Amino acid sequence: MDVSVPPPVKRSRKCSTREEAKEEEGNIGIRAILSNEFDEEISLIQAHSCQLETKQQLQAVIQELSQKLPHFQHLKRVHDRSVLICPSSEIDASETLEEHLKGFAFSEHVLRALCHGVKVVEVPERMPRLRVQYEKTQQHWPCKFHPNHYSESLRNGTNFSATQRIFHKRMAQLMVRLSKDLNANRAVGVCVDPRKPSIVAIAGSSESPSPHEHCTMLLVDFVARSQHGGAIKSDLSFTEDLECSESILSGVPKKFYDYLKKNEDFQDLQIGAEKSRRNGKVEDVQEGADNLAKFGPYLCTGYDIYLLQEPCLMCSMALVHSRAKRVFFVRSSENGALSTRFQLHSVKELNHHFEVFQFTTKEQDLT
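The structure reproduced in this document is the subject of the present report. No experiment lies behind these values; they were computed from the predicted model shown.

**Some remarks on the overall build of the protein chain**
Across its full length, the protein chain holds 12 helices and 12 strands. Taken against the 2.2 N^0.38 rule, which gives 21 Å for 367 residues, the C-alpha radius of gyration of the protein chain at 28 Å runs more than 25% over that of a compact globule. Based on the C-alpha atoms only, the size of the protein chain along its principal axes is roughly 85 × 60 × 45 Å. The long-range share in the protein chain, meaning contacts at least 24 apart out of those at least 6 apart in sequence, stands at 61%. Carbon together with sulfur atoms contributes 48% to the accessible area of the protein chain, which is approximately 20900 Å² in total. Computing the positive centroid from 47 side-chain charges and the negative centroid from 49, the protein chain places the two 4 Å apart.

**Comments concerning the sheet that holds strand E1 (residues 30–32)**
What the 6 strands build is an open sheet, ordered E1-E12-E11-E10-E6-E7; its pairing is mixed. In the strand order of this sheet, the two ends are held by E1 and strand E7 (198–204), each with one partner. Averaged over all pairs of adjacent strands, the angle between their axes in this sheet comes to 20°, without regard to strand direction. Where strand E6 (residues 188–193) and E7 come together, 6 bridges link them in antiparallel fashion. Paired with valine 188 across the strands is glycine 204, a residue of E7.

**Details of the sheet that holds strand E3 (residues 78–79)**
As a general point, the strands of a sheet are linked pairwise by backbone hydrogen bonds and lie either parallel or antiparallel. The sheet built from 4 strands is open, its strands ordered E3-E4-E2-E5 with antiparallel pairing. Strand pairing shows two members of the sheet lacking a second neighbour, E3 and strand E5 (119–124), which therefore form its edges. Relative to E5, strand E2 (residues 44–51) runs antiparallel, the two sharing 6 bridges. Along E5, the bridge assignment pairs isoleucine 45 with valine 123. Seen against the sheet, helix H3 (residues 58–68) touches E3 and strand E4 (82–87) and runs at an angle of roughly 15° to E4.

**So, the pattern of salt bridges**
One pass over the full model with this rule turns up 16 salt bridges. Close ionic contact of arginine 331 with glutamate 363 constitutes a salt bridge, the shortest N to O distance being 2.8 Å. Highlighted residues: arginine 331 in strand E11 (residues 326–331) and glutamate 363 in the segment after strand E12 (355–359), separated in sequence by 32 residues. By relative accessible area, which is 22% here, arginine 331 ends up partly exposed.

**Brief notes about the environment of asparagine 148**
By secondary structure assignment, the location of asparagine 148 is in the loop between helix H6 (131–137) and helix H7 (149–156). Owing to a relative accessible area of 36%, asparagine 148 belongs among the partly exposed residues under this scheme. On a C-alpha basis, the gap between asparagine 148 and arginine 131 in space is 8.9 Å, while along the polypeptide they are 17 residues apart. Looking at asparagine 148, its side chain comes within polar contact range of the main-chain nitrogen of serine 151, at 2.9 Å.

Each value, and the rule that gives it
- Residues numbered from 1 in each chain as written.
- Predicted model: local features only at pLDDT ≥ 70, side-chain atom pairs only at ≥ 80, totals over all residues.
- Heavy atoms only, no water.
- Helix = DSSP H or I, 4+ residues; strand = E, 2+ residues; numbered from the N terminus.
- Rg over C-alpha atoms; globule rule 2.2 N^0.38 Å.
- Contact = heavy atoms within 4.5 Å.
- Areas by Shrake-Rupley, 256 points an atom, 1.4 Å probe, with all protein chains shown as cover.
- Lys, Arg positive; Asp, Glu negative; His and termini not counted.
- Charge placed at Lys NZ, Arg CZ, Asp CG, Glu CD.
- Pairing = 2+ DSSP bridges.
- Axes fitted to C-alpha atoms, helices over the stretch in contact; angles between N-to-C directions.
- Salt bridge = Lys/Arg side-chain N within 4 Å of Asp/Glu carboxyl O.
- Buried < 20%, exposed > 50% of the residue type's maximum accessible area, 1.4 Å probe, protein only.
- Polar contact = N/O pair within 3.5 Å; in protein donor to acceptor, adjacent residues only side chain to side chain.

Written out as structure tokens, the structure is:
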């Protein structure tokens, strides 16, 4: 027993029970779907290195190497007196290292130093993104590493507070219940403004949808309805906006709205989107605020998207175009484009990226 740790403060049984209940309520598995560069082991490549005879040679060697062979930006070029020269793959099988280096016009004394104590070593191919990767790469060659605490928190699951986890769990529970009670166990999606938080739109796939009217596509369209848009014709009756309210309810079909208001488990959930701003910008925002806070609603900018089913490539791309902030889903799909078949959100060439999370808690535990 560590006596340096103060004993726990005694609490009343009532208080303890309430806190335990809150902790149990937030006990839900949420896994961040990160790009492969976070999960895969870093590959090793072969490189030629030399052994300097004296430390006095170091400055001249590094100066010429950095100008003529600027390789290994992610590695420390020098380890003790060993110096990385170039990837072994660049040296033709028919030539020696010295012959290869002569083509770069190194000075005579540097060339002589580079050809002393030559060895082929294995070094990491790229810079590590997480500390666990960094620790493994250090076993081969010293590597540059800039810790990103947010990336680490995504990887180990500590990025959400207890309150946030409780809300995410409630959204997962809501989708499971809506699917079961109102949508014949078909896919359901919920769009949330995380600032309040408040439900902006709810959608559920129909029995015989058209090829493009997937649940996610409908959800994006219903969000557009809350901004006086929307292109999909629907037979659903939508909730009418209240004159006395500052929120827009027209993104929520009436059957879902009535269900939330009548069901005791969900009556406390806030419903409604912020009205579009006429002046276009709010000056009084905190530093680092996102575009939703600065300019108000525009498509799904700044919104969280909760889906019962992992979206396909078409739907995932729609979320990119809609500028969603984060996407959460419960079930994996055979044609899922965020985890199962593809990771669309990790494609660097896209002009917008969102974070993706999957609920790992069993679905029966969400009912």
